[in-house]
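Commentary on secondary and tertiary structure
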Amino acid sequence: FIAMLAFEPGFQVNYDLFLTVLSLLVAIAASALGFAWAVYGTQSWRAAAGGAIVGLGAAAMHFVGMAGLHMAGSIVWSPAVAAAAIMFGAVFGALALATAAHGHGLSDFLAGALLLAIAILSLHFTAMAAAGIVHDPTFRLAGTMSLAPESMGIALAALVASRLARCISGSLSGRSTPRKVNAGSH
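So, a few notes on the structure that sits alongside this text. (Residues numbered from 1 in each chain as written. Predicted model: local features only at pLDDT ≥ 70, side-chain atom pairs only at ≥ 80, totals over all residues. Heavy atoms only, no water.)

1. Here's the deal with the overall build of the protein
In terms of helices and strands, the protein carries 6 helices and 5 strands. Sequence-ordered secondary structure for the protein, helices as α and strands as β, is α-β-α-α-β-β-α-α-β-β-α. Counting only residues that meet the buried cut, the protein has 28% of its 186 residues in that class. Residue pairs at least 24 apart in sequence account for 79% of intrachain contacts in the protein once pairs closer than 6 positions are excluded. Just so you have it, the protein exposes about 11,000 Å², and 72% of that area is on carbon and sulfur atoms. (Helix = DSSP H or I, 4+ residues; strand = E, 2+ residues; numbered from the N terminus. Buried < 20%, exposed > 50% of the residue type's maximum accessible area, 1.4 Å probe, protein only. Contact = heavy atoms within 4.5 Å. Areas by Shrake-Rupley, 256 points an atom, 1.4 Å probe, with all protein chains shown as cover.)

2. A few points about a nonpolar patch on the surface
On the surface, V160, L164, I168 and L172 cluster together to form a nonpolar patch covering roughly 380 Å² of accessible area. Note that I168 resides in helix 6 (residues 149-185). (Patch = residues over 30% accessible without salt bridge, like charges linked within 9 Å, V, L, I, M, F, W, Y side chains within 5 Å. Salt bridge = Lys/Arg side-chain N within 4 Å of Asp/Glu carboxyl O.)

3. Description of helix 2 (residues 17-40)
An ideal rise of 1.5 Å per residue puts 34 Å on 24 residues; helix 2 measures up with 34 Å between its terminal C-alpha atoms. Every buried residue of helix 2 is accounted for by T20, S23, A27, A30, G34 and A38. In this structure D16 caps helix 2, since a side-chain oxygen of it lies 3.0 Å from the backbone nitrogen of F18. (Expected span 1.5 Å × (residues − 1). Polar contact = N/O pair within 3.5 Å; in protein donor to acceptor, adjacent residues only side chain to side chain.)

4. Quick notes on helix 4 (residues 79-102)
Helix length check: helix 4, at 24 residues, gives a terminal C-alpha distance of 34 Å against a target of 34 Å (1.5 Å per residue), a fit within 8%. What helix 4 keeps buried is the set A82, A85, G89, A90, G93, A94, A96, L97, A98 and A100.

5. Regarding the packing of aromatic side chains
In total, this model carries 2 aromatic pairs according to the counting rule given. Aromatic pair F63 and W77: ring centres 5.0 Å apart, planes at 65°, arrangement edge-to-face. One end of the pair, F63, is in helix 3 (residues 46-67); the other, W77, is in strand 3 (residues 73-77), and 14 residues separate them in sequence. Assessed through its relative accessible area of 23%, F63 is described here as partly exposed. Measuring from centroid to centroid gives 6.4 Å for F88 and F92, while their planes differ by 40°, and the two rings are tilted. Here F88 pairs with F92, and both are found in helix 4, just 4 residues apart, close to one helical turn. Owing to a relative accessible area of 24%, F92 belongs among the partly exposed residues under this scheme. In this arrangement the basic side chain of R46 is found over the ring face of W37, its NZ or CZ atom lying 3.9 Å from the centre. (Phe/Tyr/Trp six-rings, centres within 6.5 Å; stacked < 30°, edge-to-face > 60°. Lys NZ or Arg CZ within 6 Å of the ring centre and 35° of its normal.)

6. Considerations on the packing of helix 3 against helix 4
It is at 6 Å that the axes of helix 3 and helix 4 come closest, and there the two elements cross at 145°. Seen from above, helix 3 lies across helix 4 with right-handed handedness. Between helix 3, through A47, A48, G50, G51, A52, G55, L56, A59 and F63, and helix 4, the contact on the second element is made entirely by A82, I86, G89, A90, G93, A94, L97, A98, A101 and H102. Of the residues in the contact of helix 3 with helix 4, the class split is 13 nonpolar, 6 polar and no charged. (Axes fitted to C-alpha atoms, helices over the stretch in contact; angles between N-to-C directions. Left-handed = near helix turned anticlockwise from the far one by under 90°. Nonpolar A, V, L, I, M, F, W, Y, C, P; charged D, E, K, R; others polar.)

7. Some thoughts on the environment of D136
Topologically, D136 is positioned in the loop between strand 4 (131-135) and strand 5 (146-147). When the C-alpha atoms of D136 and S74 are compared, they prove to be 7.4 Å apart, with 62 residues separating the residues in sequence. If we skip the residues at most four places from it in the chain, D136 touches A72 and G73.

8. Some words on the environment of G112
Here G112 is to be found in helix 5 (residues 106-130). In this structure, the C-alpha to C-alpha distance between G112 and L97, residues 15 residues apart in sequence, is 6.0 Å. In contact with G112, not counting residues within four places along its chain, are A96, T99 and A100.

9. A word on the packing of helix 2 against helix 3
Between helix 2 and helix 3, the least distance of the axes is 7 Å, while the angle of their chain directions is 180°. If you check the angle between helix 2 and helix 3, you find them roughly antiparallel. Seen from helix 2, the contacting residues are L19, L22, S23, V26, A27, A30, S31, L33, G34, F35, W37 and A38; seen from helix 3, they are R46, A47, A49, G50, I53, V54, G57, A60, M61, V64, G65 and A67. A per-class count over the contact of helix 2 with helix 3 returns 17 nonpolar, 6 polar and 1 charged. (Parallel < 35°, antiparallel > 145°, perpendicular 65-115°, else oblique.)

Below is the structure:
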């Protein structure tokens, strides 16, 4: 979403509210499913399958989000380059979770994190290379609920801040809980 805010084709761009929220929900659902598949599976291949699910979810998020762009033009996709982008997300996602799941130390977890970053970055940059914009000066932005880039930035900042606050709160709460439990048992 942050990368989308940097996208400037040279004419006004807005974001369809429904498709933008849908792309976020797709990413959340696919990540939850992929990580659950990787973590709760007993077969050794499940971590790789879970990583592929995460990568494919990132691809779905990207293409749904791109469909939500309202602009004075249309997107023409290169099918081969778009397919390569999807493949990068799935393959590097599979490698990421397999590396982290089968590793034995911090270096394996860091390698898994790096591979997941590569999955997402290679997917998004390759998918953007697959997109060509055909300008249509007669197009008018109207008819559906959409967000201007500035509003999208504010909404994104609020969402990220709220998630960070919840993570910090949970982390602090989690740190104090074992002490309370241990103190009560003495």
